[in-house]
Each structure stands twice: as structure tokens, then as C-alpha cells.
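Below, each chain spelled out in residue letters.
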Protein chains: 2
Amino acid sequence: MSINTELDLDRPMRDVRHEAVLNIVRTASVLGQRGADLFRRFGLTEAQFNVLFSLKYKERNWSQSDLGRRLVVTRASVTSVLDKLEEKGLVERLQVPGNRRIYHVDLTAEGQKLLDKVEPLYRNDIHEVLSGFDEETCRNLIQQMEVIRTRVQALGESK
Amino acid sequence: MSINTELDLDRPMRDVRHEAVLNIVRTASVLGQRGADLFRRFGLTEAQFNVLFSLKYKERNWSQSDLGRRLVVTRASVTSVLDKLEEKGLVERLQVPGNRRIYHVDLTAEGQKLLDKVEPLYRNDIHEVLSGFDEETCRNLIQQMEVIRTRVQALGESK
DNA sequence: TCAGAATTGTTTAAAATCAAGCGGTCTGCT
DNA sequence: AGCAGACCGCTTGATTTTAAACAATTCTGA
């Protein structure tokens, strides 16, 4: 009845690097769906939560483009997600003196309040899921992910 | 000009476990986009490629539900992706004797042929991106990802 | 046996995403 | 100063994905 016995997830691997990539992607997918289930209880999609969360912990002003790079989505996606969040009164676009091209995006008080309700549950989930990972393991994992992203970027530039 | 100097990706982390999760998700996203760029040159989306690829290496017959579990997408998604692939003549739904509820999905000769063109480039990309990862590192990484998925699943069942 | 529960594939409506392209704006170079 | 190029946010149109509901089918347990 387990997914491992029903599918062939535990068969021997031909290409261990490829299998590593598959595992990263699949794990991100599982994590994302778990998150989505949680966020939905608060009327938020995953994309919407990601925006709110990023805004809460930003340490300087972010334009919509900055947000897009941070979340690895296009500017067009940022626009549509922000439209939804602004409708709900959770974020606001602020005009930037001296630069009429960009908006700085910020949480409203209401957005802050909603996030304060969701975030503890979210962090609790993560803590539970990674309970077996000590700090060193996490740092090592983070560094490996960074290496991969750097390599992908280099690959894209040499194109 | 680098993304790391422009954004705050390298600031000290408050919650190393959470940062690990973010890194996994972000890396999967970057990998997915890199893949999508490649697949598009062959008229395929990422989801379509994933289906073709899974079918090529399956070791027994898979229903659409099996495929969905394997790819971590819903049955509805599988239906729509298969519709597209069937239109293009790359896969086929086969009736299963003795069970009128399910289809077994398979590559057509044409699907096989297309995949044979894309796969070398795909594997080459992956090999390049993970060139700094030896076999042990990969196996370790894979195991960590499996642990995370198992924990997420356990979390979902205790719900 | 056989009625209730579970599973399968599909449909529908909503949301996210993207590429492409648009004007408006800023910057850097001459 | 002025112009070309880069950047920003937005719109459009298309695709993908999902949750939810549905009918058909299969399974299960009393």
C-alpha cells in the first residue's frame, strides 16, 4: 500500500547525478504541496504566501523585479500575484520618490497580521520535517544547493 | 550586477532549517526552468518531458494514477498532459483487459524517437551542473531528500 | 451476495505562470 | 544636451496546474 512498494522508486539507479536532480525536484514538489495545504486554510496560495513571507524578512526596499528574482518568477507573475494581494489589502505598492519606474512593495498591517497567524504553523511544519537535520547538515545542504544554482546559472550564460 | 549582491541572498540566516527548505525549493525551480528552456526547443513542456522520461524507464505498466504519484501531480494534471501528448502521437492509452477503469500509458515509436533526441542533451546538462558532486555526495543527497519526503508524508498522515 | 467504500479518469472553474510586446522611465556614453 | 540602450511594470494570450465534483468501475467486508 506504500508508495514505495507500489511504484518503482527504490529500484537501482543508473545515473546517480540524474537521480539526485530528480530527488531535489520531487522533494521541492512535495514540500510545496504540503505548504499549499496549510496556506489554503488561510485563503492563501503558495505564491501569495511566498510574497508575504519574503516581504516580512526583507532588509531593504524591494521593487517588483527584485521580488521576482528572489522568488524565481517573472515580473508578469509578480504583477498578477500582487494584484490579488492588493485586492485583499495584504500588501501595498508604494511610489518611490525620484524613480517613477518602480514601486516598493510592503506588507500592510493586515498582511502582517495574517502572516503572523500562518508563520508559526509553517515554521513548525518545517522544524518537524527537518527534525533529524542538525545545523551542520543543514548548512552543508544549503551550500550544495547554492553550488547547483551557481552552476546552472553559469550554464545558462555560456549558453 | 550579480544576483547575490543585488538581492539579500547571502545575509545571515535566522532559521537554518527553514533556509534549507528554501534552498531546496529555489534550486528545484532553477533546475526546472533550465530544463524547460531545453525542452521547449523540441516543442515539449517540462511536464510533457517528465511524462515521456518516466515512461521510458518504467519497469512495469503504469496507470495514469501511478504516473501522477510518480511525478507528484494530480490525476487531473496527468489527464491534461496525456491529452496533449496523445494529440502529438507521442504516447498512447492502452485499454487494460480485466479492468475497465484504468489505462496503461506507453510511449509510441514516435515518442521514443523524440525522447532519444532530447535525453542526451538533458543528461549532459545535468552531468555538467553536478560535475562537482561525486557518487557518494550524490547518494548522501538523495538519501536526505528521501528522508524529507518521508517526514512530510508522515506529517500529512498524522494530520 | 451485495451494498457501501474506495479508486480511476475526466470535467470545470480558478489561479499561476510565462513569452512577447507595450509605453514610460532612467542611465550611460558621446 | 541628447540619444541609444537598458530597465520597469503592465497587458495580452496561451498553457499548466489544481481542487472539487462526477460517473463509472472495482473492491471489501459483513
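Residues numbered from 1 in each chain as written. Chains lettered and ligands numbered in written order. Predicted model: local features only at pLDDT ≥ 70, side-chain atom pairs only at ≥ 80, totals over all residues. Heavy atoms only, no water.

**Concerning the overall build of chain A**
Here comes step 1: Helix and strand counts for chain A stand at seven helices and two strands.
Here comes step 2: Written out in order from the N terminus, the α and β elements of chain A read α-α-α-α-α-β-β-α-α.
Here comes step 3: Within chain A, the fraction of its 159 residues that count as buried is 45%.
Here comes step 4: Across chain A, every contact between residues at least 6 apart in sequence was considered, and the portion connecting residues at least 24 apart equals 50%.
Here comes step 5: When the accessible area of chain A is evaluated, it comes to approximately 8,700 Å², of which 49% is carbon and sulfur surface. (Helix = DSSP H or I, 4+ residues; strand = E, 2+ residues; numbered from the N terminus. Buried < 20%, exposed > 50% of the residue type's maximum accessible area, 1.4 Å probe, protein only. Contact = heavy atoms within 4.5 Å. Areas by Shrake-Rupley, 256 points an atom, 1.4 Å probe, with all protein chains shown as cover.)

**Some details on the environment of Ile24(B)**
Here comes step 1: Within the secondary structure layout, Ile24(B) lies in helix H2 (residues 16–40).
Here comes step 2: A relative accessible area of 0% places Ile24(B) in the buried class.
Here comes step 3: If we skip the residues at most four places from it in the chain, Ile24(B) touches Ile24(A), Thr27(A), Ala28(A), Leu141(A), Met145(A), Met145(B) and Ile148(B).

**Section: the protein's contact with DNA strand D**
Here comes step 1: Taken together, 26 residues surround DNA strand D, and among them Gln64(A), Arg75(A), Ser77(B), Lys84(B) and Arg100(B) come closest.
Here comes step 2: Taken together, the sugar and phosphate atoms account for 73% of what DNA strand D places within 4 Å of the protein.
Here comes step 3: With respect to DNA strand D, the side chain of Thr79(A) contributes an N or O atom lying 3.0 Å from a phosphate oxygen.
Here comes step 4: Sorting the residues of the surface near DNA strand D by element identifies helix H2 (16–40), helix H4 (64–71), helix H5 (75–87) and strand S2 (99–107) of chain A together with helix H3 (46–57), helix H5 (75–87) and strand S2 (99–107) of chain B as the ones contributing at least two each.
Here comes step 5: With five residues, H5(B) is the single largest residue contributor to the surface near DNA strand D.
Here comes step 6: Residues belonging to the surface near DNA strand D are distributed by class as follows: eight nonpolar, 11 polar and seven charged. (Near = heavy atom within 4 Å. Polar contact = N/O pair within 3.5 Å; in protein donor to acceptor, adjacent residues only side chain to side chain. Nonpolar A, V, L, I, M, F, W, Y, C, P; charged D, E, K, R; others polar.)

**Quick word on the pattern of salt bridges**
Residue and element names in this part refer to chain A.
Here comes step 1: Scanning the entire structure with this criterion turns up 22 salt bridges over all chains.
Here comes step 2: Residue Asp125 pairs with Arg34 through a salt bridge whose shortest N-O separation is 3.0 Å. Here Asp125 is found in helix H6 (residues 109–129), whereas its partner Arg34 is found in helix H2, with 91 residues between them in sequence.
Here comes step 3: Lys56 is the partner of Glu119 in a salt bridge, and the nearest nitrogen-oxygen pair spans 2.7 Å. Of this pair, Glu119 sits in helix H6 while Lys56 sits in helix H3 (residues 46–57); the two residues are 63 residues apart in sequence, bridging distant segments of the chain. (Salt bridge = Lys/Arg side-chain N within 4 Å of Asp/Glu carboxyl O.)

**Comments concerning the interface of chain B and chain A**
Here comes step 1: If you look at the interface, chain B gives 62 residues, while chain A gives 62 residues.
Here comes step 2: Surface buried jointly by chain B and chain A totals about 7,300 Å² across both partners, of which 63% is contributed by carbon and sulfur atoms.
Here comes step 3: Where chain B meets chain A, there are two salt bridges.
Here comes step 4: Across the pair Asp15(A) and Arg123(B) runs a salt bridge, and its minimum N-O distance is 3.1 Å.
Here comes step 5: Counting the contacts that link chain B with chain A gives 22 residue pairs in polar contact (both at pLDDT 80 or more).
Here comes step 6: Put simply, the parts of the chain that give the side of chain B that touches chain A at least two residues each are helix H1 (3–6), H2, H3, helix H4 (64–71), helix H6 (109–129) and helix H7 (135–158) of chain B.
Here comes step 7: In terms of residues, the side of chain B that touches chain A owes the most to one element, H2(B), which gives 18 residues.
Here comes step 8: For the side of chain B that touches chain A, the per-class residue count stands at 29 nonpolar, 11 polar and 22 charged. (Buried area = accessible area lost by both parts, 1.4 Å probe.)

**Here's the deal with H5(A)**
Residues spaced three or four apart along an α-helix point in a common direction, a consequence of the helix completing one turn every 3.6 residues.
All names here are of chain A.
Here comes step 1: The end-to-end C-alpha separation of H5 is 18 Å, in line with the 18 Å expected for 13 residues at 1.5 Å each.
Here comes step 2: Those residues of H5 not exposed but buried are Val78, Val81, Leu82 and Leu85. One side of H5 holds all its buried residues, which, seen down the axis, span an arc of 105 degrees. Set apart from the buried face of H5 by more than 90 degrees, the exposed residues are Ala76 and Glu87.
Here comes step 3: In this structure, the buried residues of H5 make contact with H3, H4, strand S1 (91–96) and S2.
Here comes step 4: Residue Gly89 follows H5 closely and has a positive phi angle near 75 degrees. (Expected span 1.5 Å × (residues − 1). Arc of directions from axis to C-beta.)

**Some thoughts on the nonpolar core**
Here comes step 1: Core analysis: the biggest nonpolar cluster contains 84 residues, and Ile24(A), Ile148(A) and Ile148(B) have the highest contact counts within it.
Here comes step 2: Discounting chain neighbours no more than four positions away, the residues touching Ile24(A) are Met145(A), Ile148(A), Ile24(B), Thr27(B), Ala28(B), Leu31(B), Leu141(B) and Met145(B). (Core = buried A, V, L, I, M, F, W, Y, C linked by side-chain atoms within 4.5 Å.)

**Quick notes on the relation of the copies chain B and chain A**
Here comes step 1: Note on the identical chains: chain B maps onto chain A by a rotation of 179 degrees and an axial translation of 0.1 Å, with an RMSD of 0.2 Å. A rotation of that kind, with that shift, is consistent with a two-fold axis.
Here comes step 2: Mapped onto chain A, 100% of the interface residues of chain B are again interface residues, and the two copies thus contact each other with one and the same surface. (Least-squares fit on C-alpha atoms with pLDDT ≥ 70 in both.)

**A look at the packing of H4(B) against H5(B)**
Residues and elements named next belong to chain B.
Here comes step 1: Between H4 and H5, the least distance of the axes is 9 Å, while the angle of their chain directions is 110 degrees. Judged by the angle between their axes, H4 and H5 are roughly perpendicular. Taking contact as the criterion, the partners of Gln64, Ser65, Leu67 and Gly68 in H4 are, on H5, Arg75, Val78, Thr79 and Leu82.
Here comes step 2: By residue class, the composition of the contact of H4 with H5 is three nonpolar, four polar and one charged. (Axes fitted to C-alpha atoms, helices over the stretch in contact; angles between N-to-C directions. Parallel < 35°, antiparallel > 145°, perpendicular 65-115°, else oblique.)

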